[in-house]
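# Overview (structure and organization)
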Amino acid sequence: MNANPENPVPSADPAAAASSQDRAGNGAGPVLRTIDLRGQDLAWAQLRAVVPRQTDGARQDADDTVRAIIADVRERGAQALRDYAQRFDGVAQDRLKVDPEQIQQAVRELDPAVRAGLESAIERCRAFAAAQRPADAEIEVAPGARLVHRWTPVQRVGLYVPGGLAVYPSSVVMNVVPAQAAGVESVVLCTPPQAEFGGLPHPTILAAAGLLGVDEVWAIGGAQALAAMAHGVVDEGEDRRDVLEPVHTITGPGNLFVATAKRQLRSVVGVDAEAGTTEIAVIADETAQPRYVAADLISQAEHDPLAGSVLITHSPRIAQQVAEAIVELAGTARHAERIRTALEGEQSGVVLTDSLEASIAVADAYAAEHLEIHTEDPRAVAARVRNAGAIFVGPYSPVPLGDYAAGSNHVLPTGGSAVHAQGLCTTSFMKAVQVIEYDQQALLELEPAITALAEAEDLPNHGVAVTVRAQDAAHAADTEG
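Quick notes on the rules
- Residues numbered from 1 in each chain as written.
- Predicted model: local features only at pLDDT ≥ 70, side-chain atom pairs only at ≥ 80, totals over all residues.
- Heavy atoms only, no water.
- UniProt positions renumbered as here; feature names shortened; annotations may be inferred.
- Helix = DSSP H or I, 4+ residues; strand = E, 2+ residues; numbered from the N terminus.
- Contact = heavy atoms within 4.5 Å.
- Areas by Shrake-Rupley, 256 points an atom, 1.4 Å probe, with all protein chains shown as cover.
- Domains from an automatic or database assignment.
- Salt bridge = Lys/Arg side-chain N within 4 Å of Asp/Glu carboxyl O.
- Buried < 20%, exposed > 50% of the residue type's maximum accessible area, 1.4 Å probe, protein only.
- Pairing = 2+ DSSP bridges.
- Right-handed = clockwise from strand over helix to strand, strands pointing away.

In the nomenclature of an unreviewed UniProt entry, the protein is known as Histidinol dehydrogenase of Kocuria palustris PEL. The UniProt entry for the protein carries this comment under Pathway (unreviewed entry): "Amino-acid biosynthesis; L-histidine biosynthesis; L-histidine from 5-phospho-alpha-D-ribose 1-diphosphate: step 9/9." Note on the protein: under the UniProt heading Function (unreviewed entry), the record states "Catalyzes the sequential NAD-dependent oxidations of L-histidinol to L-histidinaldehyde and then to L-histidine."

Okay, here's the thing in structure tokens:
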């Protein structure tokens, strides 16, 4: 916080605003930086430039690394995947594909409480996913002129579930359920091997797959998993030949390298939003409960040292109280060091604004993966936000609700991509096919328009394709006459 939080720190230059940052809070706990935008009138692009983000340098490093990994997997296939498992996961793999019996064993051994939680999440997610399935649209634009907008599922999809610092059976649910609701025929799941479990994925991940009826699981992690699903891999042993057939669409969350792999593979496969390292933004006014806000910022910070946690408020008092609550709550957290690193990183911070209106503008520029609204009328504020992966309305809708059990999907766009992208849903696994059916008379009525436009574009044979049919129709009519 500023030494005197009631006095604004005006600057006409957004870069200066970003550089004149003090620290919020005090004590031994994590301390968020403050970006003070009070007294300034910044355009959307300027706001976009000053909100907390990871540096472009980190992204450039990821670009180079991922490009090399994808090329290596294409060239060396299964051997490259084994080398990366040894390097990144500390696992010497014999077989990359998980035996379906091992999946069923994980289901049998799953903790009953965890199973109950997963089954509840599956039920609610299935209900929401089914409601998202779009209806075909059909219209007759003129007599005999029929147009259909027909939705069809992607045939084969690859789903990625991260490992590393946490275990994400919930991500299995979030990826598989909408794919099944869309009617996808073939589903493959990739998730990192774990040294602790003999090179297999975490058993809770396998159990979640088994509960959903997924029997093709490969123990492959990171950007190399996406490369394998996009290009296909053959893993041969003395008595087996496992084939990972290429997929048509890849979805799933992951870190910066997974998001980068999606970006680089867009020309090969369809991908969902760039669901990279998690982030949360909170719009808060004087009515917010500081401990709730602090707990929610911390909840996302524990995901990853690069996770982003951003408070946007026009209340210096709330900003100070949230900072104090963060110090209190984070100090006793299990992953205190990871949380501290995330909260004190450049991707996190407090943004002070002049008004609720200004806070909404900042939130739209930040375009958060998760946006919480802690204001006097949160539903009204939520209705005014354009850019967010998911919006959590009011003090009793924290992000962890959506992470696990709400029925919504937690695979959401990150890094500001919510400006143009949406979260994972049933239509992420579908594509629309346009069907055009005209009868003879309906086509002939358009002959003058089509031939005129064809000549205007210097594509005369486009017009001929209609004219020959008109000539045949005229000849037929003369013959009958």
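The structure having been displayed, the exposition proceeds.
### Looking at the overall build of the protein
Helix and strand content of the protein: 19 helices and 16 strands. Oriented by its inertia axes, the alpha-carbon framework of the protein measures out at about 95 × 65 × 40 Å. Within the protein, contacts between residues at least 6 apart in sequence are counted, and of these 73% link residues at least 24 apart. Surface summary for the protein: the accessible area is close to 21900 Å², and the carbon and sulfur share equals 50%.

### Thoughts on the domain arrangement of the protein
Interface size is commonly expressed as the accessible surface area that is lost when the partners come together. Structurally, the protein comprises domain 1 (58–135 + 154–272), domain 2 (276–422) and domain 3 (440–475). In this structure, domain 1 and domain 3 have C-alpha centres spaced 51 Å apart.

### Things to note about the pattern of salt bridges
This structure, assessed with the given rule, holds 20 salt bridges. Two residues, Arg156 and Glu216, come together in a salt bridge whose shortest N-O distance is 3.1 Å. A residue pair is termed long-range when its members are at least 10 positions apart, and Arg156 in strand β4 (residues 156–160) and Glu216 in the loop between α8 (203–211) and β6 (217–219) qualify at 60 residues. The same class applies to Arg156 as to Glu216, namely buried. Salt-bridge contacts for Lys262 lead to Asp272; the nearest nitrogen and oxygen are separated by 2.6 Å.

### Remarks on the pairing of strand β14 (residues 370–374)
Judged by how many residues are buried, β14 sits mostly within the fold: five of five residues are covered. In the sheet, β14 pairs with strand β15 (residues 390–393) via four bridges, with the strands oriented parallel. When the bridges of β15 are listed, Leu371 appears paired with Ile391. With helix α15 (residues 378–384) bridging β14 and its parallel neighbour β15, the resulting β-α-β unit is right-handed.

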